[in-house]
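# Report on the structure
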Amino acid sequence: MLISFIEDPGAKTWWGYGIAFLMFFSAALQTLILHQHFQYCFVTGMRLRTAIVGAIYRKSLVITNSAKRSSTIGEIVNLMSVDAQRFMDLTSFLNMLWSAPLQICLALYFLWQYLGPSVLAGVAVMILLIPFNAVIAMKSRSLQVQQMQHKDARIKLMNEILNGMKVLKLYAWEPSFEQKVLAIRQKELKILKKAAYLNALSTFTWTTAPFIVALTTFAVFVTLDENNVLDAQKAFVSLSLFNILRFPLNMLPQVISSVVQATVSLKRLQNFLSHDELDPTSVERQKTGTGHAITVLNGTFSWGKTDPVVLDGISLTVPRGSLVAVVGHVGCGKSSLISALLGEMEKLEGRVAVEGTVALVPQQAWIRNATLKDNIVFGESLNEHKYQQVLENCALITDLDVLPGGDQTEIGEKGINLSGGQKQRVSLARAVYSDTDVYLLDDPLSAVDAHVAKHIFDKVIGPEGALKGKTRVLVTHGISFLPQVDQIVVMVNGKVSEMGSYQELQDQNEAFAEFLRNYAQRDEVEEDEPTVLDEDEEFLGEDALSNHIDLSDNEPSAAEARKLFMRQISVISSDGEPSAWKSTRRRLSEKKKVIESPPPTLPESKRLIEAETTETGRVKLIVFWQYLKAVGPFISVVICVLYCCQNAAAIGANFWLSDWTNDPVVNGTQHQTYVRVGVYAALGLTQGVVSYIESQLLFAVCCIRASSLLHAHLLNQTLRCPMQYFELTPVGRILNRFSQDMETIDDRIPTCVEDLLLCMFDVLSTLLVLAYSIPLSLLPSVPVACLYFSLQRFYVATSRQLKRLESVSRSPIYSHFSETITGSSVIRAYGREKNFILLNDTKMDTNQKSYYPGIVSNRWLGIRIEFIGNCIVLFAALFAVIGRSNLNPGIVGLSVSYALQVTMSLNWMVRMTSDLESNIVAVERVKEYSETKTEAPWVIESNRPPKSWPETGNVEFSGYSVRYREGLDLVLKNLQLSVYGGEKVGIVGRTGAGKSSMTLCLFRIIEAAEGEITIDGVKIADIGLHDLRSKLTIIPQVSS
């Protein structure tokens, strides 16, 4: 209509203004409707992601043990982060599946009105492109599956590394595990590179598709009939319609690709959500009148339906209110029996009934990242008198005195700031406080020293303890407690061998009697006592006997000594130790000059795990520079030059078309049509080829290189962090860097960079065309540009900070999830599933509080930026009307068609600027963790010990003092100790005396505050960590 107005000198001027304002108002209406639609789509996507994460969390609480073997924590974290995000991304543009074909059909209908049957040539080109895009989509899908498999493997390995970091450092295994991770990462990058080549082909297709459609249509139009004249009206209305075609043609492959990715994610989710669940009916809970709290009749159990039988033909009854001990050798099925009573095992046949509520104390204490009080109360209402009584009974009062915040001290992930015995006592206190009907106690006394074990048995578990009248099943190796229990169950090879009282079983002189005879003579290493598990494990009767009485096991005198020693231990009071033991310990202490120290002091702050820090303000230029350095500055300049060439070719093609429409019509026909078509085709193909090259360079070379370097640096730095760093930083927080943030660097940042460059050069092209064709239209550009940049700055600052907050609020979701998986059996035993589901939902809501404002801010920006774009169209049209006497229709058509494009380009440019700043936060977060303080060098080339070192193994502590971290009290004070090669030395002491600290000092897990350690005359502080650690060996406390 506007071109017709320009061509008609007699048209009224008011009609031209009317057309200009009609264009403006129709565009404004489109903006309002479109953004209302996007608002609903994004909110739906957000809700979908929340639902998926909630479903995954709920499922993880009920999956069987065999299912846990096939779905690792790393894989499930990927389901919650990557796969759930894909569904959210898909909902935003899912409507394009039907609206894109509709837009294409409408555009073709209007094209038919102008160009007639020649439009069919363009349709044929589009149809031919469909199978090409389909092949790319199918190939992308297969690559996606492979990439996710490698990503799962990498995250699984990283999770194992982070959880077993202490073992890695003790054995100096970091380089070998680093190579394992990098090998998987290399496979991942190889897949990413193949995907980049496919992406370049896809870019080439959608860049050239609208042009090829236009070229074939125009070429067929002018060659079909000599009287077909390509004038400005036909050319630029058609060109505008072809530009309308560009969006659906561009989006349709992307939406199809998103659907493909979502189907991959859907299959992964289906696999996980269809895992077998624990059968809640396998253990009957209703009360019966039999008087038995626990009944098992002919029960056969395994860990999975296809796994071998672990417990066979189990039949036992536990009277209500009785204390039953379960004993047997290692691996005989004691802990499995507890699991079977909880319904954690697969019941193959038989009947299990447990009457009333249950409390569990597992063999490995499960401690949450919460305050000590919260760990004990565990969601129950607080009764202060009952709480204090529990603390006293479980021998925790003295521990509260050494904790910096008392019972308000925050306990780190996995209870890292508690010793093994403290963790076990907290776990027991949780059970006692819960006040349930049945107590399943899986070796709770193994991690505490003898007098504390006696205190806990007397005050809590025993006949006169706090739990008297409750049903208690106690798995134990403590022979001294067995005479006080009501019934003993003897397990042998997964079967109940004998049942009865202590005296009855002794009189039978069968498996139990043999167990009593042999147990004290067994070497402690064979037992699963926490001698190698927990740092405060000391002086269990049988442990003390086998470890500290230097007698031959086979001599009669040894047996007599053991009996005497057992009698001594059985009468240890809860207040003190036998004088014989005190003198033994004093002699040992004097002989080895071991100076005991107070328990390690904890940080002054009550909070151990600090809240994750969030950067504020603009992303620092150094973050962009670091990414640019990883990409390569020179090749970045080359890519920008290629983008200039691509846009120059596009502008040249459109100017050529404008000039073509102004060709004179002689005898109803235009001349030089073949030359016009040939040059137009050459310019268009140049544009496509350059776009292919630049896309390939950007994705396949630059961004893959950047991803590789940033990941390698992050991994190397993480492995070089001191052990204290891993104790204070939740695993979920570090995993977040390796999963979500690395995925952003791998996939999203390259796409953002590409889209930003495209939009930026599109806007520059529009301004150049307008400046050349209608110079007056640039008059309002200064106020429009000021408005644009003010909106951009306001939006980008808000969006960037929201993205940071969203990232920070995401880590606790993964940490909580990892914690839940570890303690799922405890959560189920106490029936706290609903509490933990609510806690997970609360953390999700906190995350959404940062995400939802981001959606709203996007809509806020979109409406305002598109208003600016609509104003540019209005001014271009108004000035075309004002200066119509000096303008030819071709130039007006060209300028207005460019102005119509600028709305979308401006909108996307701000959004991509914001997205780039938001996503570059991932680089910022990776950079933050890549600059953490590292431990001492692994190898000091100038000071390497001889290959034969240490030859004799003389160890000397000279005035040695150590603290766990800066600002804390000394753990070992002025230690003087000499150990000669070949000596066997026992280190003994109370909880927190510093026994484990001494071994950690030998490996320099903790560095000296004063003094030195020398081994065969070599100061260990002067050599590299790996030179030291690779020459020593240790059986760690916690197996990994």
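Residues numbered from 1 in each chain as written. Predicted model: local features only at pLDDT ≥ 70, side-chain atom pairs only at ≥ 80, totals over all residues. Heavy atoms only, no water.

### A short note on the overall build of the protein chain
Which entries qualify depends on this criterion: Think of it this way: any DSSP run of H or I at least four residues long counts as a helix, any run of E at least two long counts as a strand, and we number them from the N terminus. A 1.4 Å probe rolled over the protein chains alone gives each residue an accessible area, and that area as a share of the maximum for its type sets the label: buried under 20%, exposed over 50%, partly exposed in between. Residue contacts are counted whenever heavy atoms from the two residues lie within 4.5 Å of one another. Only the protein chains shown count as cover for residues, and the accessible areas themselves come from Shrake-Rupley with a 1.4 Å probe.
In terms of helices and strands, the protein chain carries 31 helices and 14 strands. A buried classification covers 55% of the 1040 residues belonging to the protein chain. When contacts within the protein chain are restricted to residue pairs at least 6 apart in sequence, those whose partners lie at least 24 apart make up 82%. Split by element, the accessible area of the protein chain, about 43900 Å² in all, is 59% carbon and sulfur.

### Examining the sheet that holds strand β4 (residues 323-327)
Formally: Here the rule is simple: two strands pair whenever DSSP picks up at least two bridges between them. Simply put, an axis is a line fit to the C-alpha atoms, just over the touching stretch for a helix, and the angle between two N-to-C directions goes from 0 to 180 degrees.
Strand order across the open sheet formed by 6 strands is β6-β7-β8-β4-β9-β10, with mixed pairing between neighbours. The two strands at the open ends of the sheet, each matched to only one other strand, are β6 (358-361) and β10 (495-500). Along the sheet, successive strands turn relative to each other by an average axial angle of 15°, direction set aside. Both β4 and strand β9 (residues 487-492) contribute to a ladder of 4 bridges, which runs parallel.

### Description of the side chain of K334
Counted only if it meets this: Here a polar contact means two N or O atoms within 3.5 Å. Within protein one must be a hydrogen donor candidate and the other an acceptor candidate, and residues neighboring in sequence count only if both atoms are side-chain atoms.
With respect to the helices and strands, the residue K334 is situated in helix α10 (residues 334-342). In this structure the side chain of K334 is engaged in a polar contact, spanning 3.1 Å, whose partner is the backbone oxygen of H329. Discounting residues that sit within four places of it in the chain, K334 has contacts with V326, V327, G328, H329, V475, H477 and M491.

### Some points on the pattern of salt bridges
Inclusion rule: The salt bridge criterion pairs a side-chain nitrogen of Lys or Arg with a carboxyl oxygen of Asp or Glu, the two atoms within 4 Å.
With the rule as written, the count across this model stands at 31 salt bridges. Across the pair D741 and R925 runs a salt bridge whose closest N-O atoms are separated by 2.9 Å. With D741 in helix α25 (residues 731-773) and R925 in helix α29 (residues 889-929), this pair connects stretches of sequence that are 184 residues apart. The same class applies to D741 and to R925, which are both buried. Here R944 and E941 are joined by a salt bridge, their closest N and O atoms 4.0 Å apart. Residues participating in the shared-partner salt-bridge network are R154, R185, E188 and D746.

### Looking at the sheet that holds strand β5 (residues 346-354)
Within the open sheet, the 4 strands sit side by side as β1-β5-β2-β3. Their pairing is mixed. Each edge of the sheet is formed by a strand with only one pairing partner; in this case those strands are β1 (283-284) and β3 (309-319). Where strand β2 (residues 292-302) meets β3, 7 bridges bridge the pair, whose relative direction is antiparallel. Directly across from T295, in β3, lies its bridge partner T317. The strands touched by α10 are β1, β2, β3 and β5; relative to β3, the strand with the most contacts, the crossing angle is about 70°.

### Side note on a nonpolar patch on the surface
Keep this limit in mind: Like charges are joined within 9 Å and nonpolar side chains (Val, Leu, Ile, Met, Phe, Trp, Tyr) within 5 Å, but only among residues with over 30% relative accessible area and no salt bridge; these make up the patches.
The grouping of W98, L102, L106, Y109 and F110 at the surface amounts to a nonpolar patch, some 560 Å² of accessible area in total. Among the secondary structure elements, F110 is positioned in helix α5 (residues 96-115). With relative accessibility at 41%, the residue F110 sits in the partly exposed group.

### Examining the packing of helix α4 (residues 73-93) against helix α26 (residues 781-822)
For the record, the criterion: Definitions for this section: a left-handed crossing has its near helix turned counterclockwise from the far helix by less than a right angle. A right-handed crossing has that turn clockwise. Ten residues, namely Ala, Val, Leu, Ile, Met, Phe, Trp, Tyr, Cys and Pro, are considered nonpolar, four, namely Asp, Glu, Lys and Arg, are considered charged, and the remaining ones, Gly among them, are considered polar.
The N-to-C vectors of α4 and α26 enclose an angle of 145°; their axes lie 11 Å apart at closest approach. Considering only the axes of α4 and α26, their crossing is right-handed. Contacts between α4 and α26 involve I73, I76, V77, M80 and S81 on the former and, on the latter, I813, Y814, F817, S818 and I821. Broken down by class, the residue content of the contact of α4 with α26 amounts to 8 nonpolar, 2 polar and no charged.

### Notes on unusual backbone geometry
Glycine aside, the phi torsion of most residues is negative, and most peptide linkages are trans. A cis amide bond links W949 with the next residue in sequence, P950, at an omega value of -5°. With respect to the helices and strands, P950 occurs in the loop between α29 and β11 (955-962). At F378, a residue that is not glycine, the phi angle is positive and equals roughly 50°. You can call F378 buried: its relative accessible area is 3%. Phi angles above zero are rare outside glycine, and D443 is one such case at about 55°. For D443, the location among the structural elements is in the loop between β7 (438-442) and α15 (450-461). Overall, the relative accessible area of 3% leaves D443 in the buried class.

### As for the confidence of the model for the protein chain
Just so we agree on the cut-off: Here pLDDT means the predictor's own confidence in every residue, given as a number from 0 to 100.
Confidence in the prediction for the protein chain averages 78 pLDDT; 84% of positions are at 70 or higher. Within the model, the stretch residues 520-606 combines pLDDT values under 50 with 168 contacts to residues more than four positions away or in other chains.

### Examining helix α21 (residues 621-631)
Every α-helical turn comprises 3.6 residues, leaving residues that sit three or four positions apart pointing alike. Basically, it comes down to this: The arc refers to the directions leading from the helix axis to the C-beta atoms.
Within the sequence span of α21, burial applies to V623, Q626, Y627, A630 and V631. The arc that holds the buried residues of α21, viewed along the axis, is 140°, so those residues lie on one side. Immediately downstream of α21, the backbone of G632 shows phi near 115°, a positive value.

### Here's the deal with the pairing of β2
Of all 11 residues in β2, 8 are buried; the element is thus mostly enclosed. In textbook terms, the turn of a hairpin is the stretch between consecutive antiparallel strands, and for β2 and β3 this stretch comprises 6 residues. Pairing geometry for β2 and β5, over 7 bridges, is antiparallel. Across the sheet, residue V296 finds its bridge partner in β5, namely V352.

### Looking at the nonpolar core
Definition in use: To define a nonpolar core, start from buried Ala, Val, Leu, Ile, Met, Phe, Trp, Tyr and Cys residues and group those joined through side-chain atoms within 4.5 Å.
Counting 107 residues, the largest nonpolar core has I294, L372, I376, L440, I461, I488 and F512 as the members making the most contacts within it. Ranked by residue count, the leading element in this core is α4, at 8 residues.

### Some words on the packing of helix α8 (residues 174-224) against α25
Two measures define how a pair of helices packs: the angle their axes make with one another and the distance between the axes. Stated precisely, the cut-off is as follows: For classification purposes, an angle smaller than 35 degrees is called roughly parallel, one larger than 145 roughly antiparallel, one from 65 to 115 roughly perpendicular, and anything else oblique.
In contact at an axis separation of 12 Å, α8 and α25 are set at 20° when each is read in the N-to-C sense. It follows from the interaxial angle that α8 and α25 lie roughly parallel. Every pair of crossing elements has a handedness; the one defined by α8 and α25 is right-handed. In this structure, α8 contributes R185, E188, L192, N199, T203 and W206 to the contact, and α25 contributes M742, D746, D747, E754 and L758. Its residues assigned to classes, the contact of α8 with α25 shows 4 nonpolar, 2 polar and 5 charged.

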